[in-house]
Amino acid sequence: MSAEPDVSVIIPTRDRPHLALRAVRSVLAQTHAALECIVVVDGPDAATVAALAAVGDPRLRVVELPQRGKAPHARNVGAHEARARWTALLDDDDEWLPTKIAAQLELALASSKPSPVVACRLINRTPRADSVMPRRLPSPGEPLSEYLTVRRGLFYGDGFIQTSAILAPTELLRRVPFTVGLRRQQELDWTLRAVREDDVELIYAPEPLVLWHQDENRHRISLEMPYEQQLTWLRNSRELFTPRAYAAFTLSVISSMAAPTRRGRHFRELLAEARTHGRPGLLDYLTHVQIWALPAGVRKRLRDLIVGRRAAPAPSGPVPSPGAVPSAPGSPVPRPPTPAAVPRDAG
């Protein structure tokens with residue numbers, strides 16, 4: 001291991017050794033080699049520890065926690081273990097394209113702020129197709145909470161940030177830790193709190209540098225619907241949002257969590273929340289109504305049609321090189337053919 005890595009990489013994981021290995025291999029394959037990879041195993045997990053021990057790269061370090069604390073806690077532990085000036089985050093079921101760290105470091109070092117947070121676009125891979133997210137980058141002067149929450153289309157949002165795309169100063173991740181116990185919107189919560197610091201700005205690399213696997217037959221925290229908990233978090237975090245953003249988030253994200261209950265009181269509660277504490281627009285009202293009126297499957301098909309995804313399943317392939325990926329937001333990303341000798345989860 002280098003005595004002085006430039007970047008520490010934190011990967012929380014538990015009971016998914018094949019995914020953790022794929023993520024680790026994408027880190028160790030970075031064109032910027034002066035890094036350390038810290039895998040925080042979230043509780044006893046002999047299979048994952050054994051699989052990682054076989055990697056044989058001195059830049060890899062495994063921290064096994066005595067009991068489970070969930071991903072935000074594991075990330076906080078990793079930030080305190082990090083030795084580098086910069087820390088990048090990676091979920092165990094995602095992977096990076098080879099130039100991810102090099103591209104983000106260049107932007108970080110050119111920033112006029114002492115503590116820049118650098119994000120990037122990503123390739124959203126589903127069984128149906130690939131697409132590039134976010135569809136657009138923030139406009140000059142646009143409030144970040146509005147960029148990340150206010151929709152310009154009825155079935156999708158344009159702004160986006162995801163944990164595996166974040167690189168930030170290690171000191172900032174210690175100063176502004178992840179909220180332990182929050183099951184969804186972990187990166188939104190952290191980002192909105194981090195940019196409130198005077199020395200912080202958010203920068204986006206325009207090219208997609210992360211492969212975000214959205215396997216629809218596999219459990220992801222991001223697919224859980226903790227309606228009551230999320231509404232409580234939103235109310236306690238009102239100061240992070242503009243009134244416009246607060247209403248948009250309430251009538252889209254929180255509404256989609258409440259809609260499966262089919263309880264009219266939740267429908268009315270969210271309308272009242274948005275109108276009392278936010279400033280909803282016409283599109284927010286329409287979004288709220290269509291979320292409750294249309295079955296989830298119908299909404300998904302309409303969203304796929306609108307953003308231009310292919311309806312038929314496409315074969316999985318190896319991670320494409322950055323040069324092969326179009327940077328136009330929302331564009332379908334062609335997949336190269338899969339070599340017969342390379343399994344889906346190969347690094």
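For the structure, see preceding data.
Read on for an overview of the structure. All figures in this text were calculated on a predicted structure; none of them were measured in a lab. (Residues numbered from 1 in each chain as written. Predicted model: local features only at pLDDT ≥ 70, side-chain atom pairs only at ≥ 80, totals over all residues. Heavy atoms only, no water.)

**Concerning the side chain of Arg 136**
Line of reasoning, step 1. Here Arg 136 lies in the loop between β7 (130-133) and α5 (144-149).
Line of reasoning, step 2. Here Glu 142 takes part through its side chain, which lies 2.8 Å from a polar atom of the side chain of Arg 136. (Helix = DSSP H or I, 4+ residues; strand = E, 2+ residues; numbered from the N terminus. Polar contact = N/O pair within 3.5 Å; in protein donor to acceptor, adjacent residues only side chain to side chain.)

**Side note on the pattern of salt bridges**
Line of reasoning, step 1. Considering all chains together, one arrives at 21 salt bridges under this definition.
Line of reasoning, step 2. Notably, a salt bridge pairs Glu 95 with Arg 22, separated by 3.8 Å at the nearest N-O pair. With a gap of 73 residues between them, Glu 95 in strand β5 (residues 94-96) and Arg 22 in helix α1 (residues 17-28) connect regions that are remote in the sequence. Exposure class is identical for Glu 95 and Arg 22. Each is buried.
Line of reasoning, step 3. Across the pair Glu 81 and Arg 61 runs a salt bridge, and its minimum N-O distance is 2.9 Å. On the criterion of sequence distance, the pair formed by Glu 81 in helix α3 (residues 71-81) and Arg 61 in strand β3 (residues 60-64) is long-range, its members being 20 residues apart.
Line of reasoning, step 4. According to the relative accessible area criterion, Glu 81 is partly exposed, its value standing at 32%.
Line of reasoning, step 5. Owing to a relative accessible area of 22%, Arg 61 belongs among the partly exposed residues under this scheme.
Line of reasoning, step 6. Linked by salt bridges that have partners in common, Glu 36, Arg 61, Glu 81 and Arg 83 make up one network. (Salt bridge = Lys/Arg side-chain N within 4 Å of Asp/Glu carboxyl O. Buried < 20%, exposed > 50% of the residue type's maximum accessible area, 1.4 Å probe, protein only.)

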